[in-house]
Structure formats: structure tokens, C-alpha cells
Amino acid sequence: MLDAKIPSGPLAEKWNKHKFDLKLVNPSNKRKYDIIVVGTGLAGASAAASLAELGYNVKAFCFQDSPRRAHSIAAQGGINAAKNYPNDGDSVFRLFYDTIKGGDYRSREGNVYRLAEVSVNIIDQCVAQGVPFAREYGGLLDNRSFGGAQVSRTFYARGQTGQQLLLGAYSALNRQINLGKVKMYTRSEMLDVVTVDGKAQGIITRNLIDGTIESHAGHAVLLCTGGYGNVFYLSTNAMGSNVTAAWRAHKRGAYMANPCYTQIHPTCIPVSGDHQSKLTLMSESLRNDGRVWVPKTKEIAERLRKGEIKAVDLKEDERDYFLERKYPSFGNLVPRDVASRNAKQVCDEGKGVGKTGLAVYLDFADSIKRLGEDTVAAKYGNLFDMYRQITDENPYKLPMRIYPAVHYTMGGLWVDYNLMTSIPGLYALGEANFSDHGANRLGASALMQGLADGYFVIPYTLGDYLAKIGPAPIDANRPEFAKVKSEVEVRVKTLLSLRGNKTVDEYHRDLGKIMWEYCGMSRDEEGLKKAKGMISDLRADFWKNAIVLGDNEEVNQSLEKAGRVADFLELGELMIDDALNRDESCGGHFREEYQTPEGEALRNDDDFAYVAAWAYTGDNMPEELHKEQLEFENVKLTQRSYK
């Protein structure tokens, strides 16, 4: 049985009670412990800085040339916190409720309430670090609205919130690097976890400059390595974002939870051709002032696609503001999964715009008329500039064209309330774990979770584990390290021996097309079974016909990509299995067979109100399913409605 270690007692008292019950490490003993942190985005940088401030010795790793290049900088729109500055009825409980409902009742109450509870501290922490949040005329921090909420609780720094928050955490991290409490390893990729007597005690890395395979020992390992959205090839993720660290941990015994829960973001710049290697996100904050619409008829849409008329030529009665029409209570600010499915639906009906017909409009004409162009530019100017640079269209004069794309992964390594995986001593923070968002993440909650885990959760929960195992030094010369290091070296040599006729990028693109077609915005049993066979064949072909050039002892991006794509191929099969196992629709997991008469996701709470945690059983072997039953004592399970 999976033990989530959720504390007993009333919901609002669980975290404080738990913090008191946790064992503590004496301040003078903290310097005897070595902690490994993999990844330096918001979760990793905040965790490394916080733990070093407490006195622990921290080794931090990232594959970029600087921690500040982590993908967290790409988060644009804002960070949620229940401070109720606008005095519009927000509260910790309302943020908790919105998050549970937004995730379609597939997340733990205890974890989500703690997230809402500590959210208020995050803002104070970041302001103290100098993060330049937007402010109102009177000097108070400003808030705006995001999807899935009827209150304004999203703090923001124009359209670059993630970057500014990361700079705050990066500054805190640099302070500790300068003090010698954090040893920073850049251009280092984690390739495996080392366990000793069942406990995580180190990692194996490859130096991306000279290829050196290195062993690093520590009393605990924290994985803060982000999500696996690049399994779809085209996504809003940075090109380097991958699943390797989490997947190698999974193959060492860490359960992978809910891998089929992937989030499709509704406001991305549409695909323009096969030349693309990634997609660009237009922040959800734009839905505050932008209106989403398509032509009312296929005939008008066809004329638009042919260039016979322009969007600005259409009169109001020729436009269908479909989100406002279908969801009057939330309008354009419905959650991402709802907005994405509706955009796909109108495009499938032939009302899509752009040359491909796979786009809808996001129109700012009304806001510019009401607020003035200068005010709109002050809120979203850098996003508008980004759109213009990419599309060569002026969004102040013409509506943006947007379409859903893969953005975030709610699935990830299974963790308990302490953020520990099923391997003792191995923790997963931020997007790398599954814990807080259920089947669909609300906008502006990724930054909230990453910083909550790093600043306000792991500093408490890690100490409990360390106090129990004691500060005896961990020896990287143990045979367990040598064994795993040897296995990594063999894998690297195997990849470098591939001299086929098909590039790794081609395999990645083929995998992405399969995943998007059969396990993307919608899935069905027939398609999933077909995809399972296709990925299995593709994976077998990869190990026969892929080509990996170069040597290990050099900068070799071909080798780096090959290892990551090999892991994506294995993950893709598990995602298909997880989607096939869940005979229901919930949030981002939309099975065509299970929908309401109105086309909304139809859950099956009697049979599937659980976390699906998969255990690796061996190469080419079916994974073993473990179920963590979800209990709802404070919210009522109802059909989600945003009408």
C-alpha cells in the first residue's frame, strides 16, 4: 500500500501539526550533511539556497551553463497567492477549492491545502528579494485574473514573471555559492541514481564539456528537473527539457505517477511548418483582456483562410465568442483544458483560421478601445513584441492567432506529503513530482508550487529524514557507486555505437506525432492501442537504425539528445498504458468514450479516484500499477462546471 503520510486532524491544522511532529537536525549538525540538488529552476534554486542558508552542504547540478537559464524563466503570466489584496473574496480555502476543482478532483486535499496555505509567504519572500512585482497606483502589489478562478489572485511582473522570480532565487543561490555552502556544477547531466541499502545516496553525472562520468555522494538527493512535455517533440518547453533524471530514478525504483496527465495550453502560437522544433507560448494573462473567437460559419472561415477578407472586416454578428457563449460565468478565463478542447472543437468544425485552419483568434480590439493602446502595452508589451517578431503581424491592429499546444505535465514521480519518492532519501520537487495539480493545473500555479516546495516545504521535511539516518559520511567509493557508474558508461558506449541511417531528431519527431495524434488533447481506446504498438516498433528501430555521431570525450549534443530520446520512447509507452488504464475523462485526460452530453469530461469517481503509481519491473516488461486512493473530506465530488 502506498502511504502518502498525510497528517491527521483538521485540514487547516495538518501542516502546522506535521511541522511540529517532524524530527529536527541540530544547527551545529547540519554542516555534517551533504545534499544533492539536481536542477536549478525555481524549485531547485530555492531549495538549494534555503538548505544552504540552514547550514547544510549543498551540491547543485544543472546541464545549462548557468542556473539562470532554467526553463522557469519561460513562465510569463504570474504566480498565484491567496493574499486577497483586491478584497474580492479570496481566501486560502478558496484557492484550495479552485485548485482541487481545476484538477478535476484528482489531487490530494492535504497537499493542495498546504500549497494554498504557504502561497501567501512566497510573495513576501520574493518581494524581500527584490522581485519587481507590478504595483497599483497606491503602491500595493497588483493582481490579475487567471483561468479557473473568479477572483484576482495572480501576482505578476509584466509578462516575465518566471524570469524575475528565478532571478530572485538565483541571487539567493549565488549568495550561498559565494559563501561556499553551495558547490555549483554547471554543464553536468545526471544520468542515474545510486542507492545503498535501499536509500538514495548519490548520483552519476556526465560532464557535458569533456564527457567525464563522475560519482557524487550525499545523504539525500533532490530532483528538481521539471516536466516531460518534450515527449511530444513540439511543446512550449525549452529544447533541453527532458525526462532523463526522473526516468532513470524511476528505473531504480521510484514510482511514476499519473504520467498520462499532460496539460495542453490554449494560447500558443500555432504550428507553421515541419521546420519547427518548438512552440512559443502566449501567456494566459492575455485572456484577461483578449477575447477568443472564430467566424460563425465555415464559409466565412474559408474566405479568411484564402485571404479574401481580414479578421477586422467581420462584424460582431459574424463572430462566435464561443467561450463567452458556452461558459458565461467564467468566459475566456475557463481552465486550460476546457479552453483547449473548445478551440479544437471549433477548428474540427471547420471554423478555424490561419492558413492551416488550426487556429482561433485572441482579439484585443475591445480592450484597446476601452483602455487605450498605451495601457495594454504597459501590461503585455513584451508579449505583443514577441508575437510580432515571430509572426510578422501587429497584434495591436490584428487579432492574435492561437492554438493549443503541450505545455506542462501534471504527472511525475510519486511523492508522499514530505515530497519523498518511493526510494527513501530521494525527493522530487516542482514539476518533477505529481503531487498538487491533479488532472489539470490552473494557470499561475506552477511557479507557486515550485517555490512552495523549495522555500517552505523541503527545508522542514528533509530534516526529518536526515535526523533519522544520522550524519555519518557517505562514501562515493562504495561498490554500489562503481556498479552504477559502469552501467552508465556501458549505456553511453552503446549509444555511441549506433551508426544507422536515421537521426535522433527524426525518431523524436516521429514519437511526438504519435503522442500528439493518439495521446494528446483527446484519446480513445482504439487509438491508444494502435499507438502502443507504433511506439514499441519505433523504440526497437531506434536501437537498430539511429545514428549517433562523435565521441564521449567532447561536447556531443548528438549523444545528449540520443539518451534523452531513448528515455522519451520508454516514457511514451508508459503514458499510453496509463491512459488506457483510466477508463474515464478527467481534466487533461480526455477519453472520447467518456464525456457528458455537452462534451465535457466525464469522471468515474467510483473506480478511478486514485493516483496511478507505476513501478518499473524490468526492460520490456509491463509496469506494475499501485493505487493510492484519494479521499475527499472537505470538498464534494461534483461534475465540474464553469458555466
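No experiment lies behind these values; they were computed from the predicted model shown.

Turning our eyes to something else, we now look at the domain arrangement of the chain. Domain assignment breaks the chain into domain 1 (264-406) and domain 2 (479-608). Here the C-alpha centroids of domain 1 and domain 2 sit 31 Å apart. Each partner contributes to the roughly 860 Å² buried at the junction of domain 1 and domain 2, and carbon and sulfur atoms together form 59% of this total. Three residues, Ile 264, Arg 341 and Lys 344, lead the burial of domain 1 against domain 2; their summed loss comes to 52% of the area buried on that side.

This part is about the state of the cysteines. Here the structure, examined in full by the defined rule, presents zero disulfides. We note that Cys 62 lacks a disulfide partner, and the nearest cysteine sulfur, in Cys 224, lies 12 Å from it. Residue Cys 62 is classed as buried on the basis of its relative accessible area of 3%. No disulfide involves Cys 519; its sulfur sits 6.4 Å from that of Cys 260, the nearest cysteine. Taking relative accessible area as the criterion, Cys 519 reaches 0% and is therefore assigned buried.

A few words on the pattern of salt bridges. The tally for this structure, following the rule as stated, stands at 49 salt bridges. The residue Asp 65 makes a salt bridge to Arg 69 at a minimum N-O spacing of 2.6 Å. Residue Arg 69 is classed as exposed on the basis of its relative accessible area of 53%. Of the charged contacts, one joins Glu 573 and Lys 532 as a salt bridge, the two residues approaching to 3.3 Å between their closest N and O atoms. Residue Glu 573 is found in helix α17 (residues 557-581), and its partner Lys 532 is found in helix α16 (residues 525-545); the two are separated by 41 residues along the sequence. Overall, Glu 573 belongs to the buried group, its relative accessible area being 10%. Classification of Lys 532 by relative accessible area gives partly exposed; the value is 25%. Residues joined by salt bridges that share partners form a network here, namely Asp 104, Arg 106, Asp 337, Arg 341, Arg 582, Glu 584, Arg 603, Asp 605 and Arg 640.

As a further point, take the sheet that holds strand β13 (residues 319-320). Pairing is antiparallel in the open sheet, where five strands are placed in the order β11-β15-β14-β12-β13. Across the chains shown, the open sheet's two edge strands, defined by having one partner strand only, are β11 (262-268) and β13. Bridging between β11 and strand β15 (residues 400-409) involves five bridges; their strand directions are antiparallel. The residue of β15 that forms the bridge with His 265 is Ala 405.

Attention now goes to empty space enclosed by the protein. All chains considered together, the criterion is met by seven cavities of 30 Å³ or more. Of the voids in this model, the largest cavity is the one considered here, and its volume is about 130 Å³. Of all elements in the fold, only β6 (188-196), α7 (244-251), α14 (479-496) and α17 reach the threshold of two or more residues within the lining of the largest cavity. Of the residues in the lining of the largest cavity, the class split is six nonpolar, two polar and six charged.

A word on the sheet that holds strand β16 (residues 412-413). If you walk across this open sheet you meet the four strands as β16-β10-β20-β21, and the pairing is antiparallel. For this open sheet the edge positions go to β16 and β21 (624-629), each flanked by a neighbour on one side alone. Both strand β20 (residues 610-615) and β21 contribute to a ladder of six bridges, which runs antiparallel. Counterpart to Ala 613 in the pairing with β21 is His 626. Together, β10 (256-257), β20 and β21 form the strand contacts of α17, whose direction differs from that of β20 by roughly 145 degrees.

With that settled, consider the environment of Lys 493. As for its position among the elements, Lys 493 is in helix α14. Exposure remark for Lys 493: the relative accessible area of 62% places this residue in the exposed category. Between the C-alpha atoms of Lys 493 and Asp 551, which are 58 residues apart in sequence, the distance is 9.0 Å.

Conventions used here
Residues numbered from 1 in each chain as written. Predicted model: local features only at pLDDT ≥ 70, side-chain atom pairs only at ≥ 80, totals over all residues. Heavy atoms only, no water. Domains from an automatic or database assignment. Buried area = accessible area lost by both parts, 1.4 Å probe. Disulfide = S-S within 2.5 Å. Buried < 20%, exposed > 50% of the residue type's maximum accessible area, 1.4 Å probe, protein only. Salt bridge = Lys/Arg side-chain N within 4 Å of Asp/Glu carboxyl O. Helix = DSSP H or I, 4+ residues; strand = E, 2+ residues; numbered from the N terminus. Pairing = 2+ DSSP bridges. 1 Å grid on protein atoms, 1.4 Å probe; cavity = no way out; pocket = protein on both sides within 12 Å on 5 of 7 lines; lining within 4 Å. Points joined across faces, edges and corners; volume = space filled by probe spheres on them. Nonpolar A, V, L, I, M, F, W, Y, C, P; charged D, E, K, R; others polar. Contact = heavy atoms within 4.5 Å. Axes fitted to C-alpha atoms, helices over the stretch in contact; angles between N-to-C directions.

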